[in-house]
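Results of the structural survey
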Amino acid sequence: MISTDIKHSVERLSDMVETSRRILPFTGAGISTECGIPDFRSPGGIWTRMPPIPFDAFVARQEMRDETWRRRFAMEEQFRAAQPGRGHRALASLHARGKAPTIVTQNIDNLHQMSGVPASAVVELHGNTTYAICLDCEKRFELSWIKAQYDAYQGRVRDCDCGGFIKTATVSFGQPMPDAPMRHAKNATLECDLFLAVGSSLVVWPAAGFPLMAKRNGARLVIINREPTEFDEIADLVVRGDIGDVLAHFIL
Ligand code: NAD
Ligand code: ZN
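Nothing here was measured: the structure is a model prediction, and the numbers come from that model.

Now for the site of ligand 1. Close to ligand 1 lie 26 residues; R41, Q106, H126, S201 and E227 are nearest. Within the side chain of S201, one N or O atom sits 2.5 Å away from an oxygen atom of ligand 1. Here R226 contributes a backbone N or O atom positioned 3.0 Å from a nitrogen atom of ligand 1. Burial of ligand 1 by the protein amounts to 97% of the accessible area it has alone, namely 840 Å². Here the residues of the shell around ligand 1 sort into 7 nonpolar, 13 polar and 6 charged. Two domains share the shell around ligand 1, each providing at least three of its residues, namely domain 1 (1–37 + 83–126 + 176–252) and domain 2 (38–81 + 127–170).

Right, here's the structure in full:
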């Protein structure tokens, strides 16, 4: 069923939370919009302003790497200022109660970890933009160091000492999905009896396969999103409202 009434949604959701044994929150960009980080697909979202740069373009052309870093640093104020929102805090509360041992996210903003969930319990399907790695030797680089380089070299990030390109630790379109997080997410999906899809349009694959996998495995599926999603029809409950308003009731 689709619910647009917050009070009613919260009651239904509370019921499902209390009667579930193991919840798997699965989050997308919508949980972080109230924290000042725009999503991709909402009106005014990032993609209405600039199309994404695919991985092969990043690797093939210096100008694309320069442009990728220019965009990343243009967003830095927003990422640096962002604090966990009501949705993150609610999910951290479910984690602290032992109800949600793992959180799977498509987000790259580090806000689940900042809300108090240990990094080991956060599965990042698309990586993390708050640091960078060398694509060849996987050495880690801090963004503050890269920014200093970037400013000193007139807007260019130099390559790693091994010769590899340095890129934020995120998964771009066309870049292979990371093995360990995919495995971890699959196991968590098969173990849960309540799958909570929060703030995702559920169109990015393979990430969008997880709600489907959970449902086929017998879990109940709840979708919280202010716009319709790909899987509304198969969900047990669709909450069509603001994530923060709904989940605020679950903050301990
Ligand atoms: P998306 O942009 O495709 O979908 C976000 C959904 O959230 C939209 O359907 C929108 O209607 C909804 N939404 C936004 N704010 C909401 C709110 N306050 N309450 C209720 N619903 C709200 O995002 P996606 O499905 O996560 O896929 C986009 C990809 O972009 C992801 O893979 C992610 O890696 C990346 N991304 C991440 C961030 C981030 O880390 N914060 C931001 C933008 C994009
Ligand atoms: Zn290297």
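Next up on the list: the sheet that holds strand β1 (residues 2–3). Pairing within the open sheet is parallel, and its 7 strands lie in the order β1-β10-β9-β8-β2-β3-β4. Both outer strands of the open sheet, β1 and β4 (122–124), are each paired with one neighbouring strand and no more. Relative to strand β9 (residues 220–224), strand β8 (residues 194–198) runs parallel, the two sharing 5 bridges. Within the sheet, the bridge partner assigned to L196 lies in β9 and is V222. In the packing of helix α10 (residues 209–216) onto the sheet, contacts are made with β2 (23–27), β8 and β9, and the angle to β8 comes to roughly 155°.

At a minimum axis distance of 12 Å, the contact between helix α4 (residues 62–74) and helix α8 (residues 143–152) shows a crossing angle of 120°. As summarised for this structure, α4 and α8 are arranged oblique, according to the angle between their axes. α8 is crossed by α4, and the crossing has left-handed handedness. Residues W69, R70, R72 and F73 of α4 form the contact with α8, whose own contacting residues are L143, I146, K147 and Y150.

Let's shift gears to the pairing of β2. With 5 of 5 residues buried, β2 lies mostly within the body of the structure. The pairing of β2 with β8 spans 5 bridges and is classified as parallel. Among the inter-strand pairings, I23 is bridged to a residue of β8, identified as L194. Note that β2 and strand β3 (residues 103–105) share 2 bridges and pair parallel.

A full pass over the atoms with the stated rule returns 18 salt bridges. One salt bridge connects R86 with E34, and the closest N-O pair in it is separated by 2.8 Å. Here R86 is found in helix α6 (residues 86–96), whereas its partner E34 is found in the loop between β2 and α2 (46–49), with 52 residues between them in sequence. Looking at E34, the relative accessible area reads 38%, which means it is partly exposed. Between D151 and K147 there is a salt bridge, with the nearest N and O atoms lying 3.0 Å from each other.

Strands belonging to one sheet form pairs held by backbone hydrogen bonds; the direction of such a pair is parallel or antiparallel. Spatially, β6-β5-β7 is the arrangement adopted by the 3 strands of the open sheet, whose pairing is antiparallel. Every interior strand has two partners, whereas the edge strands, β6 (140–142) and β7 (166–170), have only one. Across the sheet, the mean angle separating the axes of adjacent strands is 45° when strand polarity is ignored. Sheet analysis places strand β5 (residues 127–134) next to β7, joined by 5 bridges and oriented antiparallel. Its bridge partner lying in β7, I133 is registered against K167. Each of β5 and β7 is contacted by α4, which is oriented at about 55° to β7, the strand it contacts most. Lying on the sheet, α8 is in contact with β5, β6 and β7; it crosses β6 at an angle near 70°.

A word on the packing of aromatic side chains. If you walk through the whole model with that rule in mind, you get 6 aromatic pairs. Summarising the aromatic geometry, the rings of F73 and Y150 are spaced 4.7 Å apart at their centres and angled 55° between planes, so their arrangement reads as tilted. Here the residue F73 occupies a position in helix α4, and Y150 occupies one in helix α8, the gap between them amounting to 77 residues. Residue classification places Y150 among the buried residues on the basis of a relative accessible area of 11%. An aromatic cluster is present here, built from F26, F195 and F210 joined pairwise through their rings. In this arrangement the basic side chain of K167 is found over the ring face of F58, its NZ or CZ atom lying 6.0 Å from the centre.

The rules behind each value
- Residues numbered from 1 in each chain as written.
- Chains lettered and ligands numbered in written order.
- Predicted model: local features only at pLDDT ≥ 70, side-chain atom pairs only at ≥ 80, totals over all residues.
- Heavy atoms only, no water.
- Near = heavy atom within 4 Å.
- Polar contact = N/O pair within 3.5 Å; in protein donor to acceptor, adjacent residues only side chain to side chain.
- Areas by Shrake-Rupley, 256 points an atom, 1.4 Å probe, with all protein chains shown as cover.
- Nonpolar A, V, L, I, M, F, W, Y, C, P; charged D, E, K, R; others polar.
- Domains from an automatic or database assignment.
- Pairing = 2+ DSSP bridges.
- Helix = DSSP H or I, 4+ residues; strand = E, 2+ residues; numbered from the N terminus.
- Contact = heavy atoms within 4.5 Å.
- Axes fitted to C-alpha atoms, helices over the stretch in contact; angles between N-to-C directions.
- Parallel < 35°, antiparallel > 145°, perpendicular 65-115°, else oblique.
- Left-handed = near helix turned anticlockwise from the far one by under 90°.
- Buried < 20%, exposed > 50% of the residue type's maximum accessible area, 1.4 Å probe, protein only.
- Salt bridge = Lys/Arg side-chain N within 4 Å of Asp/Glu carboxyl O.
- Phe/Tyr/Trp six-rings, centres within 6.5 Å; stacked < 30°, edge-to-face > 60°.
- Lys NZ or Arg CZ within 6 Å of the ring centre and 35° of its normal.

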